[in-house]
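Structural overview
Chain residues, written in single-letter form:
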Amino acid sequence: MPEVLERNTGLGGSAKPDARVSSGSSGEASGEASRPANPAVRVVGAIGNNGGVSDAPVSPIPAPPVNGSSARQAAAAPAGSDQPLRLMCVHAHPDDESSKGAATMARYVDEGVEVLVVSCTAGERGDVLNPALKGRPEIEENIREIRRAEMAQAQRALGVAHHWLGYVDSGLPEGDPLPPLPEGCFALVPLEESTRTLVELVRRFRPHVMTTYNEKGGYPHPDHIRCHEVSVAAFEAAGDPEAFPGTGDPWQPLKLYYDVTFTKERVEAFHNALVEHGIESPYSEWLANWEERAASMRAPKVTTTIYCADHFERRDAALLAHATQVDPQGWFFKVPLDVQREVFPWEQFELARSLVDTDIPEDDLFAGVRERVRAT
Ligand SMILES: [Zn+2]
């Protein structure tokens, strides 16, 4: 979720870890795009807490075991290869996938890329944010099941595969002093343990590209920060034959990105367009306080801009599927889609790790990867 949509607080409930995979049927700090001095990068930026990525040899790419093939997927097979490209997007809660890079995922699905969304937690401590659904005990008492159904609907809208990593929402601690995190929640699970779970999934799905959040979580929720830590650790360990024995054959993803949602450039584009069209802008206050808010955040370093204007409807359909979490009258939906297409028809990402050569700025998450896969 963009930060202002996200309000995970302490509703009760517990979740049994499970690990199912199903196939789909079918807000941030400011930052200008950065331009690294050397356009050909192999390792970009300094992230995480596990040092550098080993330049391990890339394994041959076998058929992916967790997502069936289809004519659509076959269409995306790189020339010289009969295997589709694969993208794994790791998120903290159900709904995060629909507000961060969702149109990009839908575009890649349409191009035949296999896309797997991973939800680290079931979001069972998320507040009901839709005013029309607040205060209904039948929803609050069954929030976990309802959020599973919402996620399934969002998954159908995007056409992606989905996997529950099986951990319990940590909730967003509030108060001064902050209360302790609830026992057994995702953020308190030892990193080694949750990393092992994700490494096993990486070795099964064999993504060429992964996405996650930056080291600040993109938004300071304990599950978002943990999502970053687990994703980076799994990216770095999955290709290491010595790491996590018993979780499958090593597989080294080639690129790791951080989601970038609301840059100042994007918010200003929306604000100015609304003013121009005579529509009241919900962004005035946000922009007025931008520097103050940005001071406590980590400015994204945009490296990659994906054109995805034709997939905004599917992004919005997926977001609205999370009916308990989203106010359909909220600011997220204030900018008409034709205006969005006109002024900001993209989603953006920050390249955090690359084991292939690529030129920055990029317009494709698989830049450099297609060539590598084609050569295998
Ligand atoms: Zn979240």
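Quick caveat: nothing in here was measured; it's all calculated off a predicted structure.

Structural notes on the overall build of the protein
In terms of regular secondary structure, the protein is built from 13 helices and ten strands. Here the protein holds 376 residues, and 50% of them are scored as buried.

Remarks on helix H11 (residues 312-321)
Buried within H11 we find Arg314, Arg315, Asp316, Ala318, Leu319 and Ala321. Contacts made by the buried residues of H11 are with helix H2 (96-99), helix H3 (102-110) and helix H5 (143-158).

As for the pairing of strand E4 (residues 114-121)
Judged by how many residues are buried, E4 sits mostly within the fold: eight of eight residues are covered. Alignment of strand E3 (residues 86-91) against E4, held across six bridges, turns out to be parallel. Paired with Leu87 across the strands is Val115, a residue of E4. Sheet analysis places E4 next to strand E5 (residues 161-167), joined by five bridges and oriented parallel. Paired with Val118 across the strands is His163, a residue of E5.

A short note on helix H8 (residues 264-276)
Over its 13 residues, H8 runs 18 Å from end to end, which matches the ideal 18 Å to within 8%, given 1.5 Å per residue. Every buried residue of H8 is listed here: Arg266, Val267, Phe270 and Leu274. When H8 is viewed along its axis, its buried side chains cluster within an angular range of 95° and face the same direction. Each element contacted by the buried residues of H8 is listed here: helix H9 (284-288) and helix H12 (337-343). After H8 finishes, the residue Gly278 shows a positive phi value of roughly 75°.

Side note on unusual backbone geometry
In this structure, the amide linkage connecting Asp176 to the following residue, Pro177, adopts the cis form with an omega of 5°. Topologically, Pro177 is positioned in the loop between E5 and helix H6 (191-205). Put simply, Ile360 and Pro361 share a cis peptide bond, and its omega is 5°. Topologically, Pro361 is positioned in the loop between strand E10 (358-359) and helix H13 (369-374). Phi at Asp95 is positive, roughly 110°, even though this residue is not glycine. When you line up the elements, Asp95 lands in the loop between E3 and H2. Of note in the backbone geometry, Phe244 takes a positive phi value of approximately 50° without being a glycine. Within the element layout of this structure, Phe244 appears in the loop between helix H7 (222-237) and strand E7 (255-260).

Considering the confidence of the model for the protein
Per-residue confidence for the protein gives a mean pLDDT of 82, with 78% of residues at or over 70. Residue range residues 1-79 is modelled with pLDDT below 50. Its contacts to residues more than four positions away, or to other chains, number 192 contacts.

Thoughts on the environment of Glu371
Here Glu371 shows up in helix H13. Given 13 C-beta atoms within 10 Å, Glu371 falls into the partly exposed group. Taking C-alpha positions, Glu371 is 9.0 Å from Val356, a pair spaced 15 residues apart along the chain.

Section: the environment of Glu265
Position of Glu265 among the secondary structure elements: in helix H8. Separated by 79 residues in the primary sequence, Glu265 and Phe344 have C-alpha atoms spaced 9.2 Å apart.

Quick look at the packing of H6 against H7
Close contact between H6 and H7 brings their axes to 8 Å; oriented N to C, the two are set at 55°. Of the possible angle classes, the one that applies to H6 and H7 is oblique. Like other packed secondary-structure pairs, H6 and H7 cross with a definite hand, here right-handed. Contact with H6, carried on its side by Leu191, Ser194, Thr195, Leu198, Val199 and Val202, involves Glu229, Val230, Ser231, Ala233, Ala234 and Ala237 of H7 and no other residues of that element. A breakdown of the residues in the contact of H6 with H7 according to their chemical character gives eight nonpolar, three polar and one charged.

Side note on the packing of H3 against H11
The packing of two helices is summarised by the inter-axis angle and the distance between the axes. The contact between H3 and H11 brings their axes to 8 Å, and the two run at 120°. As summarised for this structure, H3 and H11 are arranged oblique, according to the angle between their axes. H11 is crossed by H3, and the crossing has right-handed handedness. Taken together, the residues of H11 that come into contact with H3 (itself represented by Ala102, Ala103 and Ala106) are Phe312, Arg314, Arg315 and Ala318. Its residues placed into classes, the contact of H3 with H11 shows five nonpolar, no polar and two charged.

What counts, and where the lines are drawn
- Residues numbered from 1 in each chain as written.
- Predicted model: local features only at pLDDT ≥ 70, side-chain atom pairs only at ≥ 80, totals over all residues.
- Helix = DSSP H or I, 4+ residues; strand = E, 2+ residues; numbered from the N terminus.
- Buried ≥ 20, exposed ≤ 12 C-beta atoms within 10 Å, placed from the backbone.
- Contact = placed C-beta atoms within 7 Å.
- Pairing = 2+ DSSP bridges.
- Expected span 1.5 Å × (residues − 1).
- Arc of directions from axis to C-beta.
- pLDDT = per-residue confidence, 0-100.
- Axes fitted to C-alpha atoms, helices over the stretch in contact; angles between N-to-C directions.
- Parallel < 35°, antiparallel > 145°, perpendicular 65-115°, else oblique.
- Left-handed = near helix turned anticlockwise from the far one by under 90°.
- Nonpolar A, V, L, I, M, F, W, Y, C, P; charged D, E, K, R; others polar.

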